[in-house]
Amino acid sequence: MSLPESEYMSPTWRDGLFNNRVVFVTGGAGTICSAQTRALVRLGADACIIGRNVEKTEKAAKDIATARAGARVIGIGGCDVRNFQSVADAVERCVKELGAIDFVIAGAAGNFVVPLSGMSPNAFKSVIDIDVLGTFNTVKATLPHLVTSAEKNPHAKAEGRTGGRILAVSATFHYTGMPLQAHVAAAKAGVDSLMTSVALEYGPRGVTSNVIAPGPIANTEGMARLSNAEAEIGSRVPGGRLGAVRDISDATVYLFSDAGSYVNGHVLVVDGASWRMGGANGPGVDSTMQYPNYLFTGEISKGLAGGKKSKSKL
Ligand code: COA
């Protein structure tokens, strides 16, 4: 059975907005990126999602395809964004089977909660590689197709079809600095910076390059990795609630639509103004934990997905 539309998209958008468009998505089986893809597919696009886990990626592709009768959604598993050839091969298959790449979402990311004292060089490198190198590899492999798409879809066409758009899914941790997230904050700063260079180098060719920075979003893999205190975090957000995945899908539809044509080199923060509340009581911190005490005791939230099970070796 198809996921109810209200769970992944607001009723704001018109049918067929992305007819005959193709979106290529890294990390497309994840909770946020699959919702973004589902909204684009529902509005007419075909999609290619890639991920490391074969079964999870293929299953997500089949599920996303239920958003619209006749939708073509390819799931390519066994694909690691850290390996350029792996991404390039997926891009080639996408173009061969779906005919083009008009939009790209660089969403593959790595995260776990750990203090600097317990972070090995390889732990830091793993996240930098997935986020920064992975985004670079995605940019590098897809840009020729985005340039072609932008040439075919110059602004502004009467029917409002767009092409040549790329966005990266980032975070807000580096705006304030964030304990227990040094690796991710550094990586996301790199991602944001890279996307502005894309905007400056490829804007003249009609490509737009932007970033969406989600805040705390309910029922996501990211939230499971970062906090056990969803309700409490939601109550502290100036917007009064945790985000929903559809908040991120709606921002994506806006940036890829004709309405977003003049938005380039931008970071669109979708967080209910959450980051402005400061960083010290963010990921890995329960209500029982106080900054800076948890840094002295080495405590992090219990039972987080991806959380360290044993004491750090460092
Ligand atoms: N705390 C401290 N270090 C950790 C850790 C944790 N919770 N989890 C992994 N690491 C370290 C490992 O010990 C290893 O370092 P070492 O070789 O010095 O021991 C390093 O990170 C790489 O771990 P490994 O499991 O080999 O990497 P991987 O490439 O298989 O997995 C991760 C990458 C670590 C980012 C993994 O969490 C992952 O696959 N994440 C994908 C999903 C995800 O994070 N999504 C985020 C959505 S917000």
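Residues numbered from 1 in each chain as written. Predicted model: local features only at pLDDT ≥ 70, side-chain atom pairs only at ≥ 80, totals over all residues. Heavy atoms only, no water.

As named in an unreviewed UniProt entry, the protein chain is 2,4-dienoyl-CoA reductase [(3E)-enoyl-CoA-producing], taken from Cephalotrichum gorgonifer.

What am I meant to see in the nonpolar core here?
One broad trend across soluble globular proteins is that nonpolar side chains are buried collectively. In this structure, Phe-18, Leu-40 and Ile-105 are the most contacted members of the largest nonpolar core, which totals 37 residues. Those elements giving two or more residues to this core turn out to be β1 (22-26), α1 (31-42), β2 (46-50), α2 (54-65), β4 (103-106), β5 (165-169) and α9 (245-256). Those residues in contact with Leu-40 that sit more than four places away from it in its chain are Phe-18, Val-23, Ala-45, Ile-105, Thr-252, Val-253 and Phe-256. By size, the runner-up hydrophobic cluster in this structure holds 31 residues, among which are Ile-76, Val-81, Ala-106 and Ala-141. (Core = buried A, V, L, I, M, F, W, Y, C linked by side-chain atoms within 4.5 Å. Buried < 20%, exposed > 50% of the residue type's maximum accessible area, 1.4 Å probe, protein only. Helix = DSSP H or I, 4+ residues; strand = E, 2+ residues; numbered from the N terminus. Contact = heavy atoms within 4.5 Å.)

Please explain the side chain of Asp-271 as it appears in this structure.
Structurally, Asp-271 is set in the loop between β7 (267-270) and α10 (293-297). For Asp-271, which is buried and forms no salt bridge, the nearest opposite charge comes from Arg-276, at a distance of 6.6 Å. Setting aside its immediate chain neighbours within four residues, Asp-271 contacts Thr-172, Pro-214, Gly-215 and Val-237. (Lys, Arg positive; Asp, Glu negative; His and termini not counted. Salt bridge = Lys/Arg side-chain N within 4 Å of Asp/Glu carboxyl O.)

Just checking my understanding: could you explain the site of the ligand for this structure?
Near the ligand you find 19 residues, and of these Arg-52, Arg-82, Asn-111, Ser-120 and Gly-306 are the closest. Separating an oxygen atom of the ligand from a backbone N or O atom of Asn-111 is a distance of 2.8 Å. At 2.9 Å from an oxygen atom of the ligand is found a side-chain nitrogen or oxygen belonging to Asn-122. Coverage of the ligand by the protein chains reaches 68% of its 930 Å² of free accessible surface. Broken down by element, the residue count for the shell around the ligand peaks at four residues, all from helix α4 (residues 121-152). (Near = heavy atom within 4 Å. Polar contact = N/O pair within 3.5 Å; in protein donor to acceptor, adjacent residues only side chain to side chain. Areas by Shrake-Rupley, 256 points an atom, 1.4 Å probe, with all protein chains shown as cover.)

When you look at the environment of Val-104 in this model, what are you seeing that I'm missing?
Mapped onto the secondary structure, Val-104 falls in strand β4. Taking the C-alpha atoms as reference, Val-104 lies 17 Å from Pro-154; in sequence the two are 50 residues apart. Aside from chain neighbours lying at most four places away, what touches Val-104 is Phe-24, Thr-138, Thr-142, Leu-146, Arg-165, Ile-166, Leu-167 and Phe-256.

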